[in-house]
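Fold and geometry: a report
Take a look at the letters that make up each chain.
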Amino acid sequence: MDEALRTRLFRLGQRIAEREAPQVEALAQARVRAQELHRAVAAGLKSFCDALQASGDGGLKQLADIELGAPRLDQKHVRAIEFELRRGRVCAIVTVKSRAEVALVGPFRSGKAEGPCKRFPFAAKAEIETALADFLEAFLEEAMTP
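In this text the structure is predicted, and so the values were computed from the model without any measurement.

1. Examining the overall build of the protein chain
For the protein chain, the helix and strand inventory stands at 3 helices and 6 strands. Burial analysis of the protein chain (146 residues in total) assigns 33% to the buried set. For the protein chain, the share of sequence-separated contacts (at least 6 apart) that also reach a separation of at least 24 residues comes to 43%. As presented, the protein chain carries roughly 9300 Å² of accessible surface, and 54% of it is formed by carbon and sulfur atoms.

2. Focus on the side chain of Ser-98
Within the element layout of this structure, Ser-98 appears in the loop between strand 4 (90–97) and strand 5 (101–109). Assessed through its relative accessible area of 14%, Ser-98 is described here as buried. Look past the residues within four positions of Ser-98 in its chain and what remains in contact with it is Gln-23, Ala-26, Leu-27, Ala-30, Arg-79 and Ala-80.

3. Details of helix 3 (residues 125–143)
The terminal C-alpha atoms of helix 3, which comprises 19 residues, lie 26 Å apart, in line with the 27 Å expected from a rise of 1.5 Å per residue. Within helix 3, the full set of buried residues consists of Ile-128, Ala-131, Leu-132, Phe-135, Leu-136, Phe-139, Leu-140 and Ala-143. The arc enclosing the buried residues of helix 3, seen along the axis, measures out at 170°, which places them on a common side. In helix 3, the exposed residues that point more than 90 degrees away from the buried face are Ala-126 and Glu-141. Here the buried face of helix 3 lies against helix 2 (24–54), strand 3 (80–87), strand 4, strand 5 and strand 6 (117–121).

4. Considerations on the pairing of strand 4
Most of strand 4 sits out of view: 8 of its 8 residues are buried. Side-chain alternation along strand 4 places Val-90, Ala-92, Val-94 and Val-96 on one buried face and Cys-91, Ile-93, Thr-95 and Lys-97 on a second face that is also buried. Bridge count between strand 3 and strand 4: 8 bridges; the pairing is antiparallel. Looking across to strand 4, one finds that Phe-83 is bridged to Val-94. Count of turn residues in the strand 3/strand 4 antiparallel hairpin: 2 residues, of which Gly-88 carries a positive phi of about 60°. Two strands pair when backbone bridges link them, and strand 4 and strand 5 are joined in this way by 7 bridges, in the antiparallel orientation. Residue Cys-91 lies in a different strand from strand 5, and its bridge partner there is Phe-108. What sits between the antiparallel neighbours strand 4 and strand 5 is a turn of 3 residues, in which Ala-100 has the positive phi angle 65°.

Cut-offs used in this document
Residues numbered from 1 in each chain as written. Predicted model: local features only at pLDDT ≥ 70, side-chain atom pairs only at ≥ 80, totals over all residues. Heavy atoms only, no water. Helix = DSSP H or I, 4+ residues; strand = E, 2+ residues; numbered from the N terminus. Buried < 20%, exposed > 50% of the residue type's maximum accessible area, 1.4 Å probe, protein only. Contact = heavy atoms within 4.5 Å. Areas by Shrake-Rupley, 256 points an atom, 1.4 Å probe, with all protein chains shown as cover. Expected span 1.5 Å × (residues − 1). Arc of directions from axis to C-beta. Pairing = 2+ DSSP bridges.

Quick look at the structure:
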């Protein structure tokens with residue numbers, strides 16, 4: 001049985017590898033775009049944290065405890081790269097799909113339905129930049145709400 005199972009799963013792996021081979025370049029481009037967006041988000045969050053720390057109140061530094069996950073293969077789609085922002089139960093996800101699309105999901109509370117989701121083609125750089133700023137602001141407002 002072990003040999004039959006291994007053989008069957010090996011064949012499945014071959015079929016999936018063959019199916020996904022044409023997507024390798026597009027997924028690599030999605031990864032590059034996700035890394036660019038990740039750097040932009042990290043810089044934005046640093047500015048936010050700097051403003052909190054500049055207030056002089058040591059207690060406000062704790063509010064800056066925002067987790068920014070590394071870009072990784074999307075948990076729902078094998079043809080996308082995602083990274084997550086989280087503070088407590090408040091989450092937001094940036095998904096970059098191999099079909100040259102960026103999706104901004106949330107903010108939402110973990111354990112609740114995701115959404116709302118806004119989608120943009122890669123070529124809409126100015127729209128993505130504006131939407132990303134709005135997205136981060138909404139996330140931080142939600143994450144900082146008492």
